[in-house]
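Each chain, written out:
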Amino acid sequence: MKCVQTDHAPAAIGPYSQALISGGLVFTSGQIPLDPATGAVVAGGIEAQTEQVMKNLAAVLAEAGSGLEKAVKTTCFLADMNDFAAFNEVYARHFTGKPARSCVAVRQLPKSVLVEVEVIAEIG
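Since this is a predicted model, take the numbers as computed values, not measurements.

Engineer: So what's going on with the packing of aromatic side chains? Which residues, and what values?
Structural biologist: In total, this model carries two aromatic pairs according to the counting rule given. Seen in terms of ring centroids, Phe-87 and Tyr-91 are 5.6 Å apart; in terms of plane orientation they differ by 45°. Their pairing is tilted. Placement of the pair is Phe-87 and Tyr-91 together in helix α2 (residues 84–94), with a separation of four residues, close to one helical turn. Tyr-91 shares its class with Phe-87; the two are buried.

In structure tokens, the structure reads:
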């Protein structure tokens, strides 16, 4: 296994890595809408927060030699399922390959953000 670390995405805020590479796949940790430069939660609603999550995921995947277009599975967490349609609009612009996906509402996310997404993607 190889640990993935980039300054173009938020640093891990706990005892985990941004991603791990194993067996030709990259497994990202969940990304939340933090600005990597400041560590602050991005202001705005679900659309703005989802855009930042996608930027963070793209940066981690790029560091691993992959990209959003190589995603095979995503797991998406929403603080409010009423945001599902707006989340999907942003998500669909970034995951054009339509990877397998789970999307669930959770009671609360770190730093009280609205969205978190993790990805499994092919490398190369």
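What follows picks up the thread again.
Engineer: Describe the nonpolar core, naming the residues involved and giving the relevant values.
Structural biologist: Formed by 26 residues in total, the largest nonpolar core has its most connected members in Leu-57, Phe-87, Phe-95, Val-117 and Val-119. Among the secondary structure elements, those contributing two or more residues to this core are β2 (19–22), α1 (46–63), β4 (71–78), α2 and β6 (115–122). Per element, the largest residue contribution to this core is seven residues, and it comes from α1. In this structure, Leu-57 is in contact with Thr-28, Ser-29, Gln-31, Leu-68, Phe-95, Val-117 and Val-119, ignoring residues within four places of it in sequence. Core analysis: the second largest hydrophobic core is formed by five residues, Ile-32, Phe-77, Leu-109 and Val-113 among them.

Engineer: Explain the packing of α1 against α2 to me, and be specific about the residues and the numbers.
Structural biologist: At a minimum axis separation of 9 Å, α1 and α2 run at an interaxial angle of 30°. Taken as axis vectors, α1 and α2 run roughly parallel relative to one another. Between α1 and α2 lies a crossing whose hand is right-handed. Contacts between α1 and α2 involve Ile-46, Glu-47, Thr-50, Glu-51 and Met-54 on the former and, on the latter, Ala-86, Phe-87, Val-90, Tyr-91, Arg-93 and His-94. Tallied by class, the residues present in the contact of α1 with α2 amount to six nonpolar, two polar and three charged.

Engineer: Report on the pairing of strand β3 (residues 25–28), specifying residues and quantitative values.
Structural biologist: The alternating pattern of β3 places Val-26 and Thr-28 on a buried face and Leu-25 and Phe-27 on a face that is not buried. Sheet analysis places β2 next to β3, joined by four bridges and oriented antiparallel. By the bridge assignment, Ile-21 is partnered in β3 with Val-26. Here β2 folds back onto β3 in antiparallel fashion, the turn holding two residues, of which Gly-23 has a positive phi close to 60°. Of the strand pairs in this sheet, β3 and β6 are connected by three bridges, and their pairing is antiparallel. What sits directly across from Leu-25, in β6, is Glu-122.

Cut-offs applied
- Residues numbered from 1 in each chain as written.
- Predicted model: local features only at pLDDT ≥ 70, side-chain atom pairs only at ≥ 80, totals over all residues.
- Heavy atoms only, no water.
- Phe/Tyr/Trp six-rings, centres within 6.5 Å; stacked < 30°, edge-to-face > 60°.
- Helix = DSSP H or I, 4+ residues; strand = E, 2+ residues; numbered from the N terminus.
- Buried < 20%, exposed > 50% of the residue type's maximum accessible area, 1.4 Å probe, protein only.
- Core = buried A, V, L, I, M, F, W, Y, C linked by side-chain atoms within 4.5 Å.
- Contact = heavy atoms within 4.5 Å.
- Axes fitted to C-alpha atoms, helices over the stretch in contact; angles between N-to-C directions.
- Parallel < 35°, antiparallel > 145°, perpendicular 65-115°, else oblique.
- Left-handed = near helix turned anticlockwise from the far one by under 90°.
- Nonpolar A, V, L, I, M, F, W, Y, C, P; charged D, E, K, R; others polar.
- Pairing = 2+ DSSP bridges.

Structural measurements only, silent on function.
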